[in-house]
Amino acid sequence: MQRRSTSLTLTPTTSPAAPATSPEPRTPRDPLQLTEQELDELAAELDAVRDEIFSQRGSSDARYIRRVVALQRSLELTGRACMLFSRHRPLWWTGVGCLSVGKILENMEIGHNVLHGQWDWMNDKEIHSTTWEWDFVAPSAGWQRTHNETHHTWTNVLGKDRDVGYNVLRMDPAQPWKPVNLLNPVINLVLAPAFEWGIAIYDVELDQFFAGTKSGRATFEDFKRVMRKLGRQSAKDFVVSPLLASLTGSGKASVKGFLAANVIRNVWAHAVIFCGHFPDGAETFTEEDVENESRGHWYRRQAMGSANIDGSRLMHFMSGNLSFQIEHHLFPDMPSNRLAQIAPRVKEICHRYGIQYTSGPLPRQVFQAWRKVVRLALP
């Protein structure tokens, strides 16, 4: 039997009317009591949604991602140009703004989604999961292993999904309390502005090395990759650009500008990720819950373990469409620009099967995630 968080409610929410061809609405019920036949039907319905969208991928989707890449590069180029003359405050602020938005787009709407293979079908070597290296301290290869292969397979399964607390935070009551957990709020406060650094260290999997499940050689190779990436990122933002800016007397201002842009990007990424996994209503599971898991079981767990963020089209765009975290976890390789299109259908399907479709505005989701951080600092 799956363990339920105390915040879970199964009160039905208003959802769009089902298409005429959809099955008759079901009486709301506990999703954990779905029969094997119902779970198979759930899987068939969600598979149909996925197949329909994948059959529609084409030139409009390719045009979308190429335009986003072009926009991101224009913002970064403009920001770096402004940093050359950043001793002038208006140019400093303009540069920080362009760089912040550019870095957010590169990480969220481009990097994260490209590395999931969402655009591999285009056969464009530049926008491909095997060639893209993002503007983040964490190397792409390590992140794909810990995120794509581990987190998305074992979403919110305690003991298997290492993203539950990232090895530094207690984020579920079932995790044993330790005195160090009193620092939960402090650690999270530091983690937010340094999020890319935290993820880079996390991807080395030091916990597995100390547990004896990862060899010293493999750990050392991962550490070397992180250090090489760190060197490239630091050289780009904090050596080459400031040296060029020093020719105009803007060296120090440039360093401060790049630091500000990276912090802004990190804080935003931290907020979006935490809102998608840790607000009230996002469920966790035990290893026993996922034994002999069928596709229907897997779909149910993904929907119950994720949470969406309500907001404008701009907010969805700036979040890399991870504001549709439920849809993303159901279909990790679906192009991000399609998630808003399927969200009403997914919500309606979840409603009929009694699966809570957790969603809320950004401020509320951030508050709930931080409240959990603070509450679980205590035994």
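Everything below is about the structure shown above.
These remarks concern the structure in this document. Just so we're clear, the structure is a prediction, and the values are computed from it rather than from any experiment. (Residues numbered from 1 in each chain as written. Predicted model: local features only at pLDDT ≥ 70, side-chain atom pairs only at ≥ 80, totals over all residues. Heavy atoms only, no water.)

## Structural notes on the overall build of the chain
Okay, so step 1: Each helix and strand in the chain was counted, giving 14 helices and two strands.
Okay, so step 2: Expected size for 379 residues packed as a compact globule is a radius of gyration near 21 Å; at 22 Å, the chain falls within 12% of this value.
Okay, so step 3: Over its C-alpha atoms, taken along the principal directions, the chain stretches across nearly 70 × 55 × 40 Å.
Okay, so step 4: Buried positions account for 53% of the 379 residues belonging to the chain.
Okay, so step 5: Contacts in the chain between residues at least 24 apart in sequence constitute 74% of all its contacts with a sequence separation of at least 6.
Okay, so step 6: About 17100 Å² of surface is accessible on the chain, with carbon and sulfur atoms providing 63% of the total.
Okay, so step 7: Across the chain, 43 positive and 41 negative side-chain charges occur, with their mean positions spaced 9 Å apart. (Helix = DSSP H or I, 4+ residues; strand = E, 2+ residues; numbered from the N terminus. Rg over C-alpha atoms; globule rule 2.2 N^0.38 Å. Buried < 20%, exposed > 50% of the residue type's maximum accessible area, 1.4 Å probe, protein only. Contact = heavy atoms within 4.5 Å. Areas by Shrake-Rupley, 256 points an atom, 1.4 Å probe, with all protein chains shown as cover. Lys, Arg positive; Asp, Glu negative; His and termini not counted. Charge placed at Lys NZ, Arg CZ, Asp CG, Glu CD.)

## Brief notes about the nonpolar core
The tendency in soluble globular proteins is for nonpolar side chains to be buried as a group.
Okay, so step 1: Ranked by size, the top nonpolar core spans 44 residues in total, and within it Ile-127, Tyr-166, Phe-195, Ile-199 and Phe-274 carry the most contacts.
Okay, so step 2: Examining the composition of this core, we find that seven residues originate from one element, helix H3 (residues 89-115), more than from any other.
Okay, so step 3: Every residue in contact with Phe-274, bar those within four places of it in the chain, is listed here: Tyr-166, Leu-169, Asn-188, Leu-191, Phe-195, Pro-279, Ala-369 and Val-373.
Okay, so step 4: In this structure, Val-49, Val-157, Trp-298 and Met-304 belong to the second largest nonpolar core, which totals 30 residues. (Core = buried A, V, L, I, M, F, W, Y, C linked by side-chain atoms within 4.5 Å.)

## Re unusual backbone geometry
Backbone phi values are negative for most residues with the exception of glycine, while trans is the configuration of most peptide bonds.
Okay, so step 1: For Asn-156, which is not glycine, the phi dihedral falls at a positive 60 degrees.
Okay, so step 2: Topologically, Asn-156 is positioned in the loop between helix H4 (140-151) and helix H5 (184-191).
Okay, so step 3: A positive phi angle, close to 70 degrees, is found at Asn-167, a residue other than glycine.
Okay, so step 4: Considering the arrangement of structural elements, one finds Asn-167 in the loop between H4 and H5.

## Topic: the pattern of salt bridges
Okay, so step 1: As enumerated under the stated definition, the model contains 24 salt bridges in all.
Okay, so step 2: In this structure, Glu-196 engages Arg-265 in a salt bridge whose closest nitrogen and oxygen atoms are separated by 2.8 Å. Of the two residues, Glu-196 sits in helix H6 (residues 195-204) while Arg-265 sits in helix H9 (residues 251-277), which places them 69 residues apart along the sequence. Judged on exposure class, the residue Glu-196 and its partner Arg-265 are both buried.
Okay, so step 3: Connected through shared salt-bridge partners, Glu-76, Arg-80, Lys-103, Asp-135, Lys-236 and Asp-237 make up one network. (Salt bridge = Lys/Arg side-chain N within 4 Å of Asp/Glu carboxyl O.)

## Overview of the packing of aromatic side chains
Okay, so step 1: Counted according to the given criterion, the structure contains 12 aromatic pairs.
Okay, so step 2: Ring centres of Tyr-166 and Phe-274 lie 6.2 Å apart, and the angle between their planes is 20 degrees; on these two criteria the pair is classed as stacked. One end of the pair, Tyr-166, is in the loop between H4 and H5; the other, Phe-274, is in helix H9, with 108 residues separating them in the sequence. Note on accessibility: Tyr-166 and Phe-274 belong to one class, buried.
Okay, so step 3: Ring-pair connections join several aromatic residues into one group, and the members of that group are Tyr-166, Phe-195, Tyr-202, Phe-274 and Phe-278.
Okay, so step 4: Here the guanidinium or amino end of Lys-160 rests over the ring plane of Trp-154, the centre of that ring lying 4.4 Å away. (Phe/Tyr/Trp six-rings, centres within 6.5 Å; stacked < 30°, edge-to-face > 60°. Lys NZ or Arg CZ within 6 Å of the ring centre and 35° of its normal.)

## Focus on a nonpolar patch on the surface
Okay, so step 1: Taken together, the side chains of Phe-238, Val-239, Val-240, Leu-243, Leu-244, Leu-247, Val-255, Leu-259, Val-263 and Val-267 present a nonpolar region at the surface, about 850 Å² in accessible area.
Okay, so step 2: Of all the elements in the fold, those that place two or more residues in the nonpolar patch are helix H8 (216-246) and H9.
Okay, so step 3: No other element matches the five residues that H8 contributes to the nonpolar patch.
Okay, so step 4: Tracing the backbone shows Val-255 in helix H9. (Patch = residues over 30% accessible without salt bridge, like charges linked within 9 Å, V, L, I, M, F, W, Y side chains within 5 Å.)

## Structural notes on the environment of Ser-246
Okay, so step 1: With respect to the helices and strands, the residue Ser-246 is situated in helix H8.
Okay, so step 2: When the C-alpha positions of Ser-246 and Leu-84 are compared, they lie 7.7 Å apart, and in sequence the two are 162 residues distant.
Okay, so step 3: A polar side-chain atom of Ser-246 sits 2.4 Å from the main-chain carbonyl oxygen of Leu-243. (Polar contact = N/O pair within 3.5 Å; in protein donor to acceptor, adjacent residues only side chain to side chain.)

## What to know about the side chain of Asn-266
Okay, so step 1: Here Asn-266 lies in helix H9.
Okay, so step 2: Here Arg-265 takes part through its side chain, which lies 2.9 Å from a polar atom of the side chain of Asn-266.
Okay, so step 3: Once residues lying within four places of it in the same chain are set aside, the contact partners of Asn-266 are Phe-136, Ala-192, Pro-193, Ala-194, Phe-195 and Glu-196.

## What to know about helix H14 (residues 362-375)
Okay, so step 1: End to end, H14 covers 20 Å across 14 residues, agreeing with the expected 20 Å (1.5 Å per residue, within 8%).
Okay, so step 2: Along H14, the positions that sit buried rather than exposed are Gln-365, Gln-368, Ala-369, Lys-372 and Val-373. One side of H14 carries all its buried residues, which in axial view fall inside an arc of 140 degrees. Facing away from the buried side of H14, by more than 90 degrees, are the exposed residues Pro-363 and Phe-367.
Okay, so step 3: Contacts made by the buried residues of H14 are with H5, H9, strand S1 (308-310) and strand S2 (359-361). (Expected span 1.5 Å × (residues − 1). Arc of directions from axis to C-beta.)

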